[in-house]
Amino acid sequence: MGKRRTFFFDGLGVSGGVVLGPAHVLEQLGYEAESRTLEPEEVEAEIERLHNAVSMAREEVQELARTVAERVDPQQAAIFDAHVTLLGDPLLIGRTEERIRRDHHNAEFVLWSVTRDIGGQLQALGDAYFAERTHDLYDVSRRVIKFLSQLRHPQGDTIPAGSIVVANDLGPADTAQLRRDKVAAFVTNAGGPASHTAIMAKALQIPAVVGLDFITHYVRSGDFLIVDGSLGHVILNPTEEQIRFYRERAEEWRRSREGLEEFRTLPAETLDGTRIQMEANIEFGSELDLALSQGAEGIGLFRTEYFFIDRKSLPSESEQEEAYTMVLAAMDGRPVVFRTLDVGGDKIANSIPTPPEANPFLGLRALRLSLAYPELFRCQVRPMLRAARGRELKILLPMVSCLEEVWEARRLIDEAMADVETEGRGLPERVLVGAMIEIPAAALQADVLAAELDFLSIGTNDLVQYTLAVDRVNKLVGHLYQQAHPAVLQLIHRVVRAADARGVPVSVCGEMASDPLLAMVLVGLGVRSLSMSPQLIPPVKKLLRSMNVSALEELAERLLHLSTPTEARAALEEAFREHGAGPLPSAQDAWRYLPEA
Ligand code: PEP
Ligand code: MG
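In what follows, the accompanying structure is described.

So, how was this worked out
- Residues numbered from 1 in each chain as written.
- Chains lettered and ligands numbered in written order.
- Predicted model: local features only at pLDDT ≥ 70, side-chain atom pairs only at ≥ 80, totals over all residues.
- Heavy atoms only, no water.
- Helix = DSSP H or I, 4+ residues; strand = E, 2+ residues; numbered from the N terminus.
- Buried < 20%, exposed > 50% of the residue type's maximum accessible area, 1.4 Å probe, protein only.
- Polar contact = N/O pair within 3.5 Å; in protein donor to acceptor, adjacent residues only side chain to side chain.
- Contact = heavy atoms within 4.5 Å.
- Axes fitted to C-alpha atoms, helices over the stretch in contact; angles between N-to-C directions.
- Parallel < 35°, antiparallel > 145°, perpendicular 65-115°, else oblique.
- Left-handed = near helix turned anticlockwise from the far one by under 90°.
- Nonpolar A, V, L, I, M, F, W, Y, C, P; charged D, E, K, R; others polar.
- Core = buried A, V, L, I, M, F, W, Y, C linked by side-chain atoms within 4.5 Å.
- Domains from an automatic or database assignment.
- Salt bridge = Lys/Arg side-chain N within 4 Å of Asp/Glu carboxyl O.
- Donors = N, O, S within 2.8 Å, 3.2 Å for Na, K, Ca; no water.

### Regarding unusual backbone geometry
Piece 1. One non-glycine residue, Gln-205, lies in positive phi territory at about 60°.
Piece 2. Relative to the elements of secondary structure, Gln-205 occurs in the loop between helix H9 (196–203) and strand S6 (208–210).
Piece 3. Look at Ala-469: it is not a glycine, yet its phi comes out positive at around 55°.
Piece 4. Of note, Ala-469 is situated in the loop between helix H19 (460–468) and helix H20 (486–502).
Piece 5. For Ala-469, a relative accessible area of 70% corresponds to the exposed category.

Written out as structure tokens, the structure reads:
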């Protein structure tokens, strides 16, 4: 075979690191199921495969209906009855079976085309009731196809070790399943700068580039790739010269990480003696070792929702209690902030039924969902209270948009406390309730919120999204997702001032805290507590330890009054160069270009 052409792709680098290796293209069943022609003798086995998947889907729906009826709301469980009926409907499953026999195509392909035919007919009726049934129909078919595809390709297990995974898109739950020992890096067509997929990649320390448009059209499994997760570069069939260049970059990256060892145990103290609290964001208990080994002084954000997504039924209270107890024990008295469920947006929890929404990031997400299903919320708070018996418990409410939501959440927390009290096994010594500031309304009313809450945590990932009206997972507007936008900085400044005035602790737990250049600005704006992906703690510490707060305050003051995000970025990079650091290929990498002390 002759030499294949080299292709260079420029995407969004969302998790640093340089990797060279073979591609493994993940087949994904999105809205187009792949077609496969069957040999005549395969037909009956294929029909049996269809029926097996239908039975599994039925079991899953019934179990969902049961848990939802018991733990969320019996009325909500009724939507699943329609799903069970559809799963026995001869129109859908019977017709699929007929067509597999007639056309000799695979079950997922036929089921999907039958679904689309019926869906089209329902929608053509132009009736709201039937339009709603179309959603049920698609939902049911997707559930069956999920089982069909799992029956056919157990993908997680077939990824050869050291592969670079290439996929159309990976949800946060898919990413969480990628194993670090198998997956060297991943690259996707879709994905935005602050998606939870990007955050998971950082947490797992897997270099990643997203927003590559059509990379799956070019790459085949086994092709040789280079991925630079800091610069956002992917090269297919690289030249010898490119291989040499990126091997050096990979080596340089490895060496710079090694040089960080010493920073793990040192405090994040600036040259003029200001101490910054450095905490970790975690999604799973399995990240605790990493958080501790990187020198986390606490868990500033435990995204408890990962416990609820990617599973068929809701976790039991005892299962949750065990997980929360484990986190508190591992942190051994250091602070731990439990954020209550933040599903919705790009985090879909199979175990919680939510209606389809046109704008999920503006919909029934986070605290709104918890308040809509009070028992779901109490089911989460009770295990937290039990796990923190006799000690301090910090509960963080995500996506607060007004004070009434805080009152309502407090009322439900009080109810959960009364439930636990009657068990007679004791309560936490103190329960502190905090709000995430991630909606501009909350930032503008930070003084009002600070007056009623025990702590505030600024979630910049969403604050940027909602302030700039830029979907954090949409690559088409990724260039507009500007975290250093003066409007964003002004809101953060306002929150810090309001919290300081009330003597209420405030921290930043969005990804801005883990971008070294932006962490400089946050400290300049008065933030003294940062929480980030664990492995970014040492690099951010390294940078802060080389800075003077007085200079950072001047820098922040200047940025607050600039007109455009581009000017803000330029001013930041200039300040960095003035600091005696080298030229910056990527702002994310700033810590690697500091002058030697
Ligand atoms: C944020 O919005 O900044 C945040 C930390 O929460 P999440 O990324 O989970 O939405
Ligand atoms: Mg958020």
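### Here's the deal with the side chain of Ser-195
Piece 1. One can find Ser-195 in the loop between strand S5 (183–188) and H9.
Piece 2. We classify Ser-195 as buried; its relative accessible area is 3%.
Piece 3. A distance of 3.2 Å separates a polar atom in the side chain of Ser-195 from the backbone oxygen of Gly-192.
Piece 4. Beyond its immediate chain neighbours, meaning those up to four positions away, Ser-195 contacts Asp-346, Arg-472 and Val-473.

### Overview of the packing of helix H21 (residues 516–524) against helix H22 (residues 537–544)
The relative placement of two packed helices is expressed as an angle between their axes plus a distance between the axes.
Piece 1. The contact between H21 and H22 brings their axes to 10 Å, and the two run at 55°. As summarised for this structure, H21 and H22 are arranged oblique, according to the angle between their axes. Seen along the crossing, H21 lies across H22 with a hand that is right-handed. Residue-level contacts link Pro-516, Leu-517, Ala-519, Met-520 and Val-523 of H21 to Val-540, Leu-543 and Leu-544 of H22.
Piece 2. Looking at the contact of H21 with H22 residue by residue, the classes come out as 8 nonpolar, no polar and no charged.

### Some remarks on the nonpolar core
Piece 1. Grouped together as the largest cluster of nonpolar side chains are 129 residues, with contacts concentrated most on Ile-352, Leu-456, Ile-492, Leu-530 and Phe-576.
Piece 2. Considering every element that reaches this core, the biggest residue donor is H20, with 8 residues.
Piece 3. Residue contributions to this core reach at least three from each of two domains, namely domain 1 (7–28 + 156–258) and domain 3 (272–510).
Piece 4. Those residues in contact with Ile-492, other than ones at most four positions away along the chain, are Ile-458, Thr-460, Leu-463, Met-512, Leu-522, Leu-525 and Val-527.
Piece 5. Grouped together as the second largest cluster of nonpolar side chains are 31 residues, Val-43, Ile-93, Ile-100 and Leu-122 included.

### As for the pattern of salt bridges
Piece 1. Within this structure, the stated rule accounts for 43 salt bridges.
Piece 2. Put simply, Asp-213 and Lys-475 hold a salt bridge, and the shortest N to O gap is 2.4 Å. One end of the pair, Asp-213, is in the loop between S6 and helix H10 (215–218); the other, Lys-475, is in the loop between H19 and H20, with 262 residues separating them in the sequence.
Piece 3. Under the relative-accessibility criterion, Asp-213 is labelled partly exposed at 39%.
Piece 4. Residue Arg-425 pairs with Glu-321 through a salt bridge whose shortest N-O separation is 3.7 Å. Here Glu-321 lies in helix H13 (residues 317–331) and Arg-425 lies in the loop between helix H16 (403–423) and strand S14 (430–437), a separation of 104 residues in the sequence.
Piece 5. Judged by its relative accessible area of 16%, Glu-321 is buried.

### Overview of H9
It helps to recall that an α-helix has 3.6 residues per turn; residues three or four apart then point in one direction.
Piece 1. Judged by how many residues are buried, H9 sits mostly within the fold: 8 of 8 residues are covered.
Piece 2. Within H9, burial applies to His-196, Thr-197, Ala-198, Ile-199, Met-200, Ala-201, Lys-202 and Ala-203.
Piece 3. Of the residues flanking the end of H9, it is Gln-205, one or two places downstream, whose phi is positive at about 60°.

### Points about the coordination of the magnesium ion (ligand 2)
The expected angle between donors at a tetrahedral four-coordinate metal is 109.5 degrees. At an octahedral six-coordinate metal it is 90 or 180 degrees.
Piece 1. Taken together, the protein donors to the magnesium ion (ligand 2) comprise Glu-438 (OE) and Asp-462 (OD), at separations of 2.0 to 2.2 Å. Taken as a pair, Glu-438 in the loop between S14 and helix H17 (440–444) and Asp-462 in helix H19 lie far apart in primary sequence, 24 residues in all.
Piece 2. Note on Glu-438: relative accessible area 2%, which makes it buried.

So far we have only geometry, and geometry alone does not tell us how the molecule works.
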